[in-house]
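Chain by chain, the residues run as shown.
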Amino acid sequence: MSKGSILVVGGAGYIGSQVNKELCEAGYHTIVFDNLSTGSRETVTTDEFVEGDIGDERALTELFCRTDIDAVMHFAADIDVGESVRNPQKYYNNNLVKTKVLLDTMLKHDIKKIIFSSTAAIFGIPEKGLIDEDHLQLPINPYGESKLMVERILRDYDKAYGLRYCSFRYFNAAGGDPQQKIPYLKQKETNLIPVLLRNLKNGNSRSTIFGTDYPTRDGTCVRDYIHICDLADAHIKGLNQLLKGAVSRVYNLGNGKGYTVKEVVDAVNRVTNSTLNITEGPRREGDPHTLIADGTKAKTELKWTPRYSLKEMIEHAWNAMKLSGEFLEQI
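Residues numbered from 1 in each chain as written. Predicted model: local features only at pLDDT ≥ 70, side-chain atom pairs only at ≥ 80, totals over all residues. Heavy atoms only, no water.

A.B. asks: How would you explain the overall build of the protein chain if you had to name every residue and give the values?
C.D. replies: Each helix and strand counted, the protein chain has 10 helices and 15 strands in total. Radius of gyration (C-alpha) of the protein chain: 19 Å, near the 20 Å computed for a compact globule of 331 residues. Counting only C-alpha atoms and orienting by the principal axes, one finds that the protein chain spans roughly 55 × 45 × 40 Å. Long-range contacts, defined here as pairs at least 24 residues apart, represent 79% of the contacts in the protein chain between residues at least 6 apart. With an accessible surface of roughly 14,500 Å², the protein chain has 47% of that area assigned to carbon and sulfur atoms. Taken as two groups, the 41 positive and 44 negative side-chain charges of the protein chain have centres that lie 2 Å from each other. (Helix = DSSP H or I, 4+ residues; strand = E, 2+ residues; numbered from the N terminus. Rg over C-alpha atoms; globule rule 2.2 N^0.38 Å. Contact = heavy atoms within 4.5 Å. Areas by Shrake-Rupley, 256 points an atom, 1.4 Å probe, with all protein chains shown as cover. Lys, Arg positive; Asp, Glu negative; His and termini not counted. Charge placed at Lys NZ, Arg CZ, Asp CG, Glu CD.)

Below you can see the structure in the form of structure tokens.
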């Protein structure tokens with residue numbers, strides 16, 4: 001017997017595909033809904049897939065009319081911070097306007113439970129080392145603004161219409177499917193670990209460290225990395241709570257400890273038995289020196305604990321890239 005039917009929008013993407021796989025393993029029936037603009041059909045490990053856009057009310061209505069949906073998980077968003085600054089229209093349209101279409105269509109069909117994929121970018125420049133859920137929220141780019149706006153809509157829709165939600169603010173998602181069933185097929189990447197691995201794939205092309213004079217232990221930025229399987233675990237725990245009648249919640253998801261850029265470079269070298277071609281560059285504007293999550297709330301309320309180390313994140317990402325043919329034979 002299925003625990004329920006879950007619509008996974010953006011379920012062909014990097015995080016959504018892993019969550020979809022683990023939802024099925026946990027006993028849920030899933031339907032993946034994705035426009036394949038950045039995701040791939042090859043990453044969907046379940047049979048029920050619908051190609052469509054969350055801004056298409058007709059497609060959503062057709063789906064909701066023929067399928068009983070117990071809850072929605074929303075991963076369909078553009079996430080490139082730099083691109084959001086260059087092209088804010090794209091981000092406010094896809095991440096905000098189209099999400100409102102999804103929420104409004106859900107309400108029309110009396111679907112009132114959603115898990116939302118948010119981001120630590122809503123906090124902007126942090127005022128303290130460990131960032132908890134109540135930290136001041138002052139995004140410094142349209143990507144973070146678009147996600148924060150959706151969080152505010154969710155809050156208001158809960159009060160007005162009873163739409164209950166669980167919003168997860170990710171720090172730096174990393175890793176790959178440990179079982180190697182999902183290939184890494186993301187076409188564009190800005191996160192450090194996959195950027196380094198792709199540069200190895202491209203004949204060890206040059207990787208740049210932006211800023212080596214920060215007030216950290218080795219002068220480079222510190223970031224909190226979290227495995228996508230740990231993210232999936234938190235999502236399923238949040239879903240279980242919503243389905244049991246829990247009130248709306250927001251959670252920060254990270255390991256609660258940080259690694260410098262140089263430490264990540266060293267770890268990639270060890271895992272791949274390579275020596276990355278590294279150059280040092282100036283600081284990037286808007287880069288805080290330290291971003292680390294305070295995950296106490298998720299650990300206390302969801303009984304959630306991150307399981308995977310940085311080494312495992314790199315190993316799993318590397319294996320997923322090799323599974324997709326990303327690496328050259330000599331690497």
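Having put the structure on the table, let's press on.
A.B. asks: Give me the nonpolar core: which residues, what numbers.
C.D. replies: I15, L23, F168 and I193 are the most contacted members of the largest nonpolar core, which has 57 residues in total. Discounting residues that sit within four places of it in the chain, F168 has contacts with I115, F116, S117, S118, T119, A234, H235, G238, Y251, L253 and L302. In this structure, L7, V9, I54 and F116 belong to the second largest nonpolar core, which totals 27 residues. (Core = buried A, V, L, I, M, F, W, Y, C linked by side-chain atoms within 4.5 Å. Buried < 20%, exposed > 50% of the residue type's maximum accessible area, 1.4 Å probe, protein only.)

A.B. asks: Lay out the packing of aromatic side chains with the relevant residues and their values.
C.D. replies: Evaluation of the coordinates by the stated rule reveals 3 aromatic pairs. Their ring planes at 65° and their centres at 5.3 Å tell us that Y14 and Y184 sit as a pair that is edge-to-face. Of this pair, Y14 sits in helix α1 (residues 14-25) while Y184 sits in the loop between β8 (172-174) and α6 (192-201); the two residues are 170 residues apart in sequence, bridging distant segments of the chain. When its relative accessible area of 2% is taken as the criterion, Y184 is described as buried. When the centroid spacing of 5.1 Å and the interplanar angle of 85° are considered together, the rings of Y157 and Y161 count as edge-to-face. Taken as a pair, Y157 and Y161 lie in helix α5 (residues 142-161) at a separation of 4 residues, close to a single helical turn. Overall, Y157 belongs to the buried group, its relative accessible area being 11%. Taking the relative accessible area as the measure of exposure, Y161 reaches 45% and is therefore partly exposed. The side chain of R283 reaches across the aromatic face of Y214, ending 4.1 Å from its centre. Lying over the aromatic face of W318, K322 brings its terminal NZ or CZ to 4.4 Å of the ring centre. (Phe/Tyr/Trp six-rings, centres within 6.5 Å; stacked < 30°, edge-to-face > 60°. Lys NZ or Arg CZ within 6 Å of the ring centre and 35° of its normal.)

A.B. asks: Residue-level account of the environment of Y14, with values.
C.D. replies: Through-space distance from the C-alpha of Y14 to that of P183 is 9.3 Å; in sequence the pair is 169 residues apart. Within polar-contact distance, the side chain of Y14 engages the backbone oxygen of A174 at 3.4 Å. (Polar contact = N/O pair within 3.5 Å; in protein donor to acceptor, adjacent residues only side chain to side chain.)

A.B. asks: Let's hear about the pattern of salt bridges: which residues, and what values?
C.D. replies: Applying the stated rule across the entire model yields 16 salt bridges. The residue R217 makes a salt bridge to E263 at a minimum N-O spacing of 2.7 Å. Taken together, the positions of R217 in the loop between β9 (207-210) and β10 (222-223) and E263 in helix α8 (residues 261-272) put the pair 46 residues apart, joining distant regions of the chain. The exposed category is assigned to R217, whose relative accessible area is 55%. With relative accessibility at 25%, the residue E263 sits in the partly exposed group. A cluster of three or more residues bridged by salt bridges with shared partners is formed by K21, E25 and D177. (Salt bridge = Lys/Arg side-chain N within 4 Å of Asp/Glu carboxyl O.)

A.B. asks: Could you give an account of the sheet that holds strand β2 (residues 29-34), with specific residues and numbers?
C.D. replies: One open sheet accounts for 7 strands, arranged β3-β2-β1-β4-β5-β7-β12; its pairing is parallel. Across the chains shown, the open sheet's two edge strands, defined by having one partner strand only, are β3 (49-51) and β12 (249-253). Within the sheet, the average angular offset between the axes of one strand and its neighbour, ignoring direction, is 20°. By the bridge criterion, 4 bridges tie strand β1 (residues 5-9) to strand β4 (residues 71-74) in an arrangement that is parallel. (Pairing = 2+ DSSP bridges. Axes fitted to C-alpha atoms, helices over the stretch in contact; angles between N-to-C directions.)

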